[in-house]
Amino acid sequence: MPEHDRFLFLLSSSVVSSVVRLRGLRPDWSADPKVWRTEVLAGLVVALALIPEAISFSIIAGVDPAIGLFASFTMAVTISVVGGRRAMISAATGAVALVIGPLNREHGFGYLVAAVILAGVIQIVLGVLGVAKLMRFVPRSVMVGFVNALAILIFMAQVPEMHDVPWAVYPLIIGGLALMVFFPRVTTVVPAPLVSIVILTVITVAAGIAVPTVGDKGALPSSLPVPGLPDVPFTVGTLTTIAPYALAMALVGLMESLMTAKLVDEITDTHSSKTRESVGQGIANIVTGFFGGMGGCAMIGQTMINVKVSGARTRLSTFLAGAFLMVLCIVFGPVVSDIPMAALVAVMVMVSFATFDWHSVAPKTLRRMPAGEITVMAVTVAVVVATSNLAIGVVVGSITAMVIFAKRVAHLADVAAVADPDGTRVVYSVTGELFFASSNDLVGRFNYADDPDTVVIDLSAAHIWDASSVAALDAIETKYAQRGKTVEIIGLNDSSADLHGKLTGELASH
């Protein structure tokens, strides 16, 4: 390298590093050549796997294949800088395509782009408001069901590529799987999926084997995307048209992204900022919208390729996945078009197998697992597979878990009566958590007819959580009052006393 070029390179590197540090975005990769090799090769494998999927999602949304590829490029590159989860891949996804596709078909592409930008704004607002904190309410059984359903969906997405195809596709898929299983025993320097893709491509091209290729999915773009404003009238009417789609896209995108981030946290045993990821997804969608993309969110399958199969751990792999995607399409388009779909199907089948939590369905595990936990996991899987929507499955699974939990906790509240020797009063000791489920049975635990004139309800070992519990206590007092008896409630802790004091006597129906 000439001396003046070396100087300019060092100067520019210094400036970029200074800006990155000032913005709190210090690169998270080291100078270790092994780390760079892993990240670079992981990014290349992900980019190759992204191409046919981005094209497929474009078809679902009813847009040109280039739109999905542009969206994958801008999403990956942007989220690599502003996202909260290192090594997670964001790009155009099927979930977003399903939500946004009807808008494109009914009103046109300009409205789709406007909705993507508005969805990004909504995601930023939700991120700032702390929606990411809701992830703490997702139980582990839902998470396991989510992972297993994801693995099933990844496999099911490959089935069409194995149906009504030339016979040569099947030995190619088997050969690709064999390479990914046995090649790591020889060396792990180069990711096995990349080796499999290269070898199968060379075989099909050299032997002239006629099988479906990436090029059959659609034309690859020949230039970079150009920024611009959506071609829509900037009116209230436009806003009311795109708002429902934008809100749905924002919620689905955040749900899948936060669930994926949580999954990567567990796989890598590291923590990520879910709030930053929420805001980052919004920024990435806004950028994507201004570049004419169809928007997106975290891609679970590609993230598993990046993190679990290829071993990537930094933002560099995410950035390079997007950068390589455009390079492969624009510079090496003819070569990429010759990659057999069988090679990519083999990669995704291996990802599906590696993603599935086989331990969770082992007979030994199922025998030890509480029935409620198994039910929640099964419901999550069933709903996701039936709807092909991970977000719906997570919501239904979480609601199921809450219902089972409420039913279980409802039986923990207990009432014990102790009468004074002189028979002038009786003390009821209430223990447990009092909320809508447990308090419903509370009213029937008292002997209104035979109790003495003074009744004491001791709540020292209980806690009042909601208005239903206060209403139940009011009903108990009313029943005793109708018989000319008085009730004294004692032992309330501070928060219970505060809630009871605010609501008692105010909840009677009229």
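Residues numbered from 1 in each chain as written. Predicted model: local features only at pLDDT ≥ 70, side-chain atom pairs only at ≥ 80, totals over all residues. Heavy atoms only, no water.

This brings us to the packing of helix α2 (residues 33-61) against helix α14 (residues 341-355). Axis angle and axis distance: for two packed helices, these are the angle between their axes and the distance between the axes, and together they describe the pair. Put simply, α2 and α14 touch, their axes get as near as 10 Å, and they point 105 degrees apart. Taken together, the axes of α2 and α14 lie roughly perpendicular to each other. Where α2 approaches α14, its residues L48, A49, P52 and E53 are matched on the opposing element by M341, L344 and M348. By residue class, the composition of the contact of α2 with α14 is 6 nonpolar, no polar and 1 charged. (Axes fitted to C-alpha atoms, helices over the stretch in contact; angles between N-to-C directions. Helix = DSSP H or I, 4+ residues; strand = E, 2+ residues; numbered from the N terminus. Parallel < 35°, antiparallel > 145°, perpendicular 65-115°, else oblique. Contact = heavy atoms within 4.5 Å. Nonpolar A, V, L, I, M, F, W, Y, C, P; charged D, E, K, R; others polar.)

Okay, the sheet that holds strand β5 (residues 454-464) next. Picture the strands of a sheet paired through backbone hydrogen bonds; they go either parallel or antiparallel. As summarised here, the arrangement of the 4 strands in space is β3-β4-β5-β6, forming an open sheet in which the pairing is mixed. Only two strands of the sheet have a single neighbouring strand rather than two, namely β3 (414-419) and β6 (486-490). Geometrically, the sheet is characterised by an average inter-axis angle of 20 degrees between neighbouring strands, direction not taken into account. Sheet analysis places β5 next to β6, joined by 5 bridges and oriented parallel. Its bridge partner being in β6, V455 is matched across the sheet by V487. This element, helix α19 (residues 467-481), spans β4 (425-434), β5 and β6 of the sheet and lies at about 175 degrees to β5. Lying on the sheet, helix α20 (residues 494-503) is in contact with β5 and β6; it crosses β5 at an angle near 120 degrees. (Pairing = 2+ DSSP bridges.)

Let us now look at the nonpolar core. If you look at the biggest cluster of nonpolar residues, it comprises 108 residues, and the most contacted ones within it are I51, L69, F146, M294, I305 and L325. Ranked by residues supplied to this core, first place goes to α2 with 12 residues. Excluding residues that lie within four positions of it along the chain, L325 makes contacts with A47, L50, I51, L69, S72, F73 and L320. If you look at the next biggest cluster of nonpolar residues, it comprises 21 residues, including A413, Y428, V430 and L473. (Core = buried A, V, L, I, M, F, W, Y, C linked by side-chain atoms within 4.5 Å. Buried < 20%, exposed > 50% of the residue type's maximum accessible area, 1.4 Å probe, protein only.)

Counted under the stated rule, the structure contains 7 aromatic pairs. Between F435 and F436, the aromatic rings sit 5.1 Å apart at their centres with planes inclined by 85 degrees, giving edge-to-face as the arrangement. Overall, the relative accessible area of 12% leaves F435 in the buried class. On the numbers, 6.4 Å between centres and 90 degrees between planes, the contact of F446 with Y480 is edge-to-face. (Phe/Tyr/Trp six-rings, centres within 6.5 Å; stacked < 30°, edge-to-face > 60°.)

Let us look at the pattern of salt bridges. Going through the model one piece at a time under the given rule, you end up with 6 salt bridges. Between E161 and K217 there is a salt bridge, with its nearest N and O atoms 2.5 Å apart. Remark: K217 occurs in the loop between α8 (192-207) and α9 (236-268) and E161 occurs in the loop between α6 (140-158) and α7 (169-186); sequence separation between them is 56 residues. Residue class for E161 comes out buried when judged on its relative accessible area of 18%. (Salt bridge = Lys/Arg side-chain N within 4 Å of Asp/Glu carboxyl O.)

Glancing now at the confidence of the model for the protein. Of all residues in the protein, 93% have pLDDT values of 70 or greater, and the mean over the chain is 86. Considering only residues more than four positions removed or in separate chains, one finds that residues 3-25, a stretch of pLDDT under 50, has 9 contacts. (pLDDT = per-residue confidence, 0-100.)

Tracing the chain through its elements places S439 in helix α18 (residues 436-439). Residue S439 is classed as buried on the basis of its relative accessible area of 2%. Not counting residues up to four positions away in its chain, the partners in contact with S439 are S468, S469 and A472.

Where nonpolar side chains cluster on the molecular surface, the patch consists of V327, V331, F332 and V335 and spans about 350 Å² of accessible area. By secondary structure assignment, the location of V327 is in helix α12 (residues 315-330). (Patch = residues over 30% accessible without salt bridge, like charges linked within 9 Å, V, L, I, M, F, W, Y side chains within 5 Å. Areas by Shrake-Rupley, 256 points an atom, 1.4 Å probe, with all protein chains shown as cover.)

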